[in-house]
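Reading the structure
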Amino acid sequence: MTAKIEIIGPQKINGAVHISGAKNAALPLLAASLLSNDSLLLKNIPPLVDVRTMLSLLEELGVSFHIISDSVVSQTISLKTDSVNNFTAPYEIVKKMRASILILGPLLSKFGVCTVSLPGGCAIGVRPIDLHLKGMEALGAKIELKDGYVHATAPNGLRGAEIDFPIVTVTGTENILMAAVLASGTTVLKNAAREPEVVDLANCLNKMGADISGHGTDTIIVNGVANLHHAEHSVVPDRIEAGTYAIAAGITGGAVDLLGGNLRELLPSFIEKMEQTGLIFSDIDNGLRVQSSGNIYPIDISTEPYPGFPTDLQAQTMAMLCLADGISNICENIWENRFMHVAELLRMGADIEIHNAHAKVSGVKKLTGAQVMATDLRASFSLVLAALAANGKTVIDRVYHLDRGYSCVKEKLAGCGVVINRL
Ligand code: EPZ
């Protein structure tokens, strides 16, 4: 039997939520520990299933780690990589978490060898890794695909090159950035991802002794160094978690204080769109207050690489727009199959039509509780949000997706007067 969540709606969110460190920053940062000759101390790591999966992969490679402190919202973890003796990410782990590919750059750069299972497709799209592999080849790696695995070698080490990405790729940028850190000479990444998680990785690598500049722009320059040393780093707050709880205020007509630092800076397009839909944002100590105006106005959104509207908030935004006063249009430009939540929202009384990458969302007066199924991580929370606003009981099946990327959802919502039950 899979894990389920039962929610009786409607409920209103009212209170404060501590935003954890970003999953999508923590995963590359953990992988970056492989590059160092010394220990790496990471603070504000979110306690998530995906983080545990990355830790078990690193452990399999020979990394030793210990959890120095552990709380509901964050962990401090020290990693040491002086006994790495295995260079393979097996299918069993990669199929659970595609971000396992992030060990490719560090292992190839530091040890000249890495074997990683090809990830295969997933619920939101085909998700190829060709740009990761082309980038490694440009740095001088030899890549062979055999038996469902990528076999990468660089017996003479990697050397700097200019890499111009044809499309923006977040983990592709991160992987090649990590590979370039110990390569000889200078690497220039053009059309690089500008996501705050990429910037966080570059900042941490610089603390470890790397020579990276331009991160946060579309051109990143890496001057290779011989080795990296001990550093301490605190993971950037999770902008997607923050945005998700902001939408909870909007869809339930409530208010929430998002605590975790300068969140406004991390969510420029999202906040602009949410203000158009009727949410009110104000700066508070250590975060942002988000209040519903009592109205949900329709908006048009188009997902884009950062600083555009994040695809990882598309499903949650759609749930709210189901109750808007009019027609909204959503264009999903990043993933070819990221509307799986639509069929579930329809079961709750939503009115949505899909044409290829476009969804036309006609606002309805109310949603009603139903049995629904979570299809991916962000879609799972979109169903939680819809269920909080709906009349009656909703049971969400397959919520294991949720635990991959949102820490302590039940506890965080309970702190804001909202009850969800795990079945
Ligand atoms: C990262 O995935 C995130 N994951 C995703 O978050 C997020 O949705 C995505 O970036 C976009 O913001 C992590 O950071 C661990 P991409 P990533 O490479 O890096 C195509 C979540 O819910 N592409 O930026 O895998 C690709 O198919 C997850 O937390 C290639 O064609 O995404 C897509 O259309 C889901 N070839 C586009 O680029 C490649 O080699 C952007 O993908 C790589 C990507």
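Below you will find a few notes about this structure. If you're wondering where the values come from, they're calculated on a predicted model, not measured in any experiment.

**Side note on the sheet that holds strand 20 (residues 351-355)**
Here we have four strands laid out as an open sheet, ordered 18-19-21-20, and mixed in their pairing. Two strands in the sheet have a free side with no partner beyond their single neighbour: strand 18 (300-302) and strand 20. Neighbour-to-neighbour, the strand axes of the sheet open up by a mean angle of 15 degrees, direction not taken into account. Direction of pairing for strand 18 relative to strand 19 (residues 327-331): parallel, over a ladder of three bridges. Note that in strand 19 the partner of aspartate 300 across the bridge is asparagine 329. In the packing of helix 10 (residues 314-321) onto the sheet, the strands contacted are strand 18, strand 19, strand 20 and strand 21 (358-362), and the crossing angle to strand 19 comes to about 170 degrees.

**Some points on the site of the ligand**
Residues in contact with the ligand amount to 21 residues; listed here are only the nearest, Thr169, Thr171, Asp312, Ile334 and Arg378. Take lysine 23: an N or O atom from its side chain is 3.0 Å from an oxygen atom of the ligand. A distance of 2.7 Å separates a nitrogen atom of the ligand from a polar atom in the side chain of aspartate 130. Considered on its own, the ligand offers 830 Å² of accessible surface; in the complex 87% of this is hidden by protein. Listed by contribution, the elements that provide at least two residues to the shell around the ligand are helix 1 (23-32), helix 5 (130-138), helix 6 (170-181) and helix 12 (377-389). By residue number, the principal contributor to the shell around the ligand is helix 5, which donates three residues. Among the residues forming the shell around the ligand, the class breakdown is 10 nonpolar, five polar and six charged.

Calculation criteria
Throughout this description, residue numbers start from 1 for each chain and increase along the sequence as written. Where totals are concerned, whole chains, interfaces and linings use all residues; where local detail is concerned, this predicted model gives features only for residues with pLDDT of at least 70, and gives and counts side-chain atom pairs only at 80 or more. Side-chain metrics in this entry use all non-hydrogen atoms of the structure; hydrogen atoms and water are not considered. The pairing criterion for strands is at least two bridges between them, as found by DSSP. Numbering of helices and strands starts at the N terminus; helices are DSSP runs of H or I of at least 4 residues and strands are runs of E of at least 2. To obtain each axis, a line is fitted to C-alpha atoms, and for helices this fit is confined to the stretch in contact; angles are then taken between N-to-C directions over 0 to 180 degrees. Only heavy atoms enter the contact rule, under which two residues are in contact if any of them lie within 4.5 Å. Proximity is defined per residue: if any heavy atom of the residue lies within 4 Å of a molecule or strand, that residue is considered near it. Polar contacts, as counted here, are pairs of nitrogen or oxygen atoms within 3.5 Å of one another; within protein the pair requires one atom able to donate a hydrogen and one able to accept it, and residues that are adjacent in sequence qualify only if both atoms are side-chain atoms. Method for areas: the Shrake-Rupley scheme with a 1.4 Å probe, in which residue coverage is limited to the protein chains shown. Any residue outside Ala, Val, Leu, Ile, Met, Phe, Trp, Tyr, Cys, Pro, Asp, Glu, Lys and Arg is labelled polar, Gly included; the first ten of those are nonpolar and the last four are charged.

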